[in-house]
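# Close look at the chain arrangement
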Amino acid sequence: MRVPAPNLPARVRIHEVGPRDGLQNEKTVVPTGVKAEFIHRLAAAGLRTVEATSFVHPRWVPQLADAEDLFPRLAGLTDTALPVLVPNEKGLERALALGARRIAVFGSATETFAKRNLNRTVDESLAMFAPVVSRARAEGVHVRGYLSMCFGDPWEGPVPVDQAVEAARRLYGLGCDELSLGDTIGTGTPGQVRALLTGVTGAGVPLSALGVHFHDTYGQALANTLAALECGVTTVDASAGGLGGCPYARSATGNLATEDLVWMLDGLGIETGVDLGGLIATSVWLAGRLGRPSPSRTVRALSHKE
């Protein structure tokens, strides 16, 4: 039943991260053909932004070592945006060579995670991203900035709002078209979400440029999403089947499941363009390829209905 709530957006754009953020933590390498079919199935279910892969060195994320093989298999998806993660100028060159028109860089609000994830300080990582963003913009390529550890860090503890706001301001200021604020280890709660969004927009980042990226470690991902929607955010990251984590932060469990998000948004009368049945069928199909059930509550509930 659809029961709209006041002061919520009429439509939300789901930024699907399953093929990249969802699969990157899988220990068993997923065949390239399965990844390609996964992305095609997601697009067929109505997802219009699907993060396809990452052009990182294979040593750091072996699961995504097949980026050059995978990306050309997606050429037919002309109605679907296919952003790719690039860590540096070399990664950007690889992505541009294959015709990528949307890229993302991945920064941190905390020093410890910046060192563990990028082997650089926050300042050094921003300096590394600056020419990447500049070159991408010069090529007419859309740039997304990810800011991780906005709420809590497994080594540093709770992240002060002012610290996350300043990191967000600096990353966006490099020239990003949009900025995704991430709760990488899932410790955030709705009050923190409102405070961070208020701070970031107060620092000059337009609300229209902001997305949110929640992990469900403590079961707060949907509550945090609703808080963000109430603040006016209209872009939400999610991962089909609730796949994902972070190879550099062991306490980072699965992402917000796209099916759980769509179920909530459908109930609120918010349009997404996503066919929930097709999406569930896709996650059930992928779970079979991974050899384990989907952690998404909505997938589990609806895939067992007769």
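These numbers come from a predicted model, not from an experiment. (Residues numbered from 1 in each chain as written. Predicted model: local features only at pLDDT ≥ 70, side-chain atom pairs only at ≥ 80, totals over all residues. Heavy atoms only, no water.)

### A look at the overall build of the protein
A tally of helices and strands in the protein yields 12 helices and 10 strands. Its C-alpha radius of gyration of 18 Å places the protein within 12% of the 19 Å reference for a compact globule of 306 residues. C-alpha atoms of the protein, sized along the principal axes, occupy 55 × 45 × 35 Å. Going through the 306 residues of the protein one by one, you find that 55% of them count as buried. (Helix = DSSP H or I, 4+ residues; strand = E, 2+ residues; numbered from the N terminus. Rg over C-alpha atoms; globule rule 2.2 N^0.38 Å. Buried < 20%, exposed > 50% of the residue type's maximum accessible area, 1.4 Å probe, protein only.)

### Examining the sheet that holds strand 4 (residues 102-108)
Ordered in space as 1-10-9-8-5-4-3-2, the 8 strands form an open sheet in which the pairing is parallel. Two strands in the sheet have a free side with no partner beyond their single neighbour: strand 1 (13-16) and strand 2 (53-54). Pairing geometry for strand 1 and strand 10 (residues 235-238), over 4 bridges, is parallel. From the neighbouring strand, R13 faces strand 10, where its bridge partner is T235. Where helix 5 (residues 111-118) meets the sheet, its contacts fall on strand 4 and strand 5 (142-148), and the angle it forms with strand 4 comes to roughly 130°. (Pairing = 2+ DSSP bridges. Contact = heavy atoms within 4.5 Å. Axes fitted to C-alpha atoms, helices over the stretch in contact; angles between N-to-C directions.)

### Points about the packing of helix 10 (residues 258-267) against helix 11 (residues 276-290)
It is at 10 Å that the axes of helix 10 and helix 11 come closest, and there the two elements cross at 165°. Considering the angle they form, helix 10 stands roughly antiparallel to helix 11. Crossing handedness for the pair helix 10 and helix 11: left-handed. Residues T258, E259, V262, W263 and D266 of helix 10 pack against L276, L279, I280 and S283 of helix 11. Split by residue class, the contact of helix 10 with helix 11 holds 5 nonpolar, 2 polar and 2 charged. (Parallel < 35°, antiparallel > 145°, perpendicular 65-115°, else oblique. Left-handed = near helix turned anticlockwise from the far one by under 90°. Nonpolar A, V, L, I, M, F, W, Y, C, P; charged D, E, K, R; others polar.)

### A short note on unusual backbone geometry
Although it is not a glycine, N7 adopts a positive phi angle of roughly 60°. Position of N7 relative to the elements: it lies in the segment before strand 1. Judged by relative accessible area, N7 falls into the exposed class, the value being 70%. The residue M149 is not glycine, and still its phi comes out positive at about 55°. Its location among the elements puts M149 in the loop between strand 5 and strand 6 (152-153).

### Topic: the nonpolar core
Within the largest apolar cluster, 85 residues are counted, with the highest numbers of intra-cluster contacts made by L74, V84, V86, I103, L147 and L181. With 7 residues, the single largest contributor to this core is helix 6 (residues 122-138). Among residues more than four places away in sequence, those in contact with L181 are L147, C150, A168, L196, L197, V200, L210, G211, V212 and H213. The next biggest cluster of nonpolar side chains, apart from the first, holds 8 residues, and it includes V17, L85, F113 and Y146. (Core = buried A, V, L, I, M, F, W, Y, C linked by side-chain atoms within 4.5 Å.)

### Some thoughts on the pattern of salt bridges
The final tally for this structure, using the stated rule, is 19 salt bridges. Close ionic contact of R41 with E37 constitutes a salt bridge, the shortest N to O distance being 3.0 Å. Here E37 and R41 lie together in helix 2 (residues 32-44), a separation of 4 residues that amounts to about one turn. For R41, a relative accessible area of 28% translates into the label partly exposed. In this structure, R135 engages E93 in a salt bridge whose closest nitrogen and oxygen atoms are separated by 2.6 Å. Separated by 42 residues along the polypeptide, R135 in helix 6 and E93 in helix 4 (residues 89-97) bring together distant segments of the chain. Taken together, the shared-partner salt bridges connect R13, R144, E178 and D237 into one network. (Salt bridge = Lys/Arg side-chain N within 4 Å of Asp/Glu carboxyl O.)

### With respect to the packing of aromatic side chains
Under the criterion given, the structure shown has 4 aromatic pairs. Three or more aromatic residues link up through ring pairs in this structure, and these residues are F106, F113, Y146 and W155. Positioned above the aromatic ring of Y146 is the side chain of R20, whose terminal nitrogen or guanidinium carbon lies 5.5 Å from the ring centre. (Phe/Tyr/Trp six-rings, centres within 6.5 Å; stacked < 30°, edge-to-face > 60°. Lys NZ or Arg CZ within 6 Å of the ring centre and 35° of its normal.)

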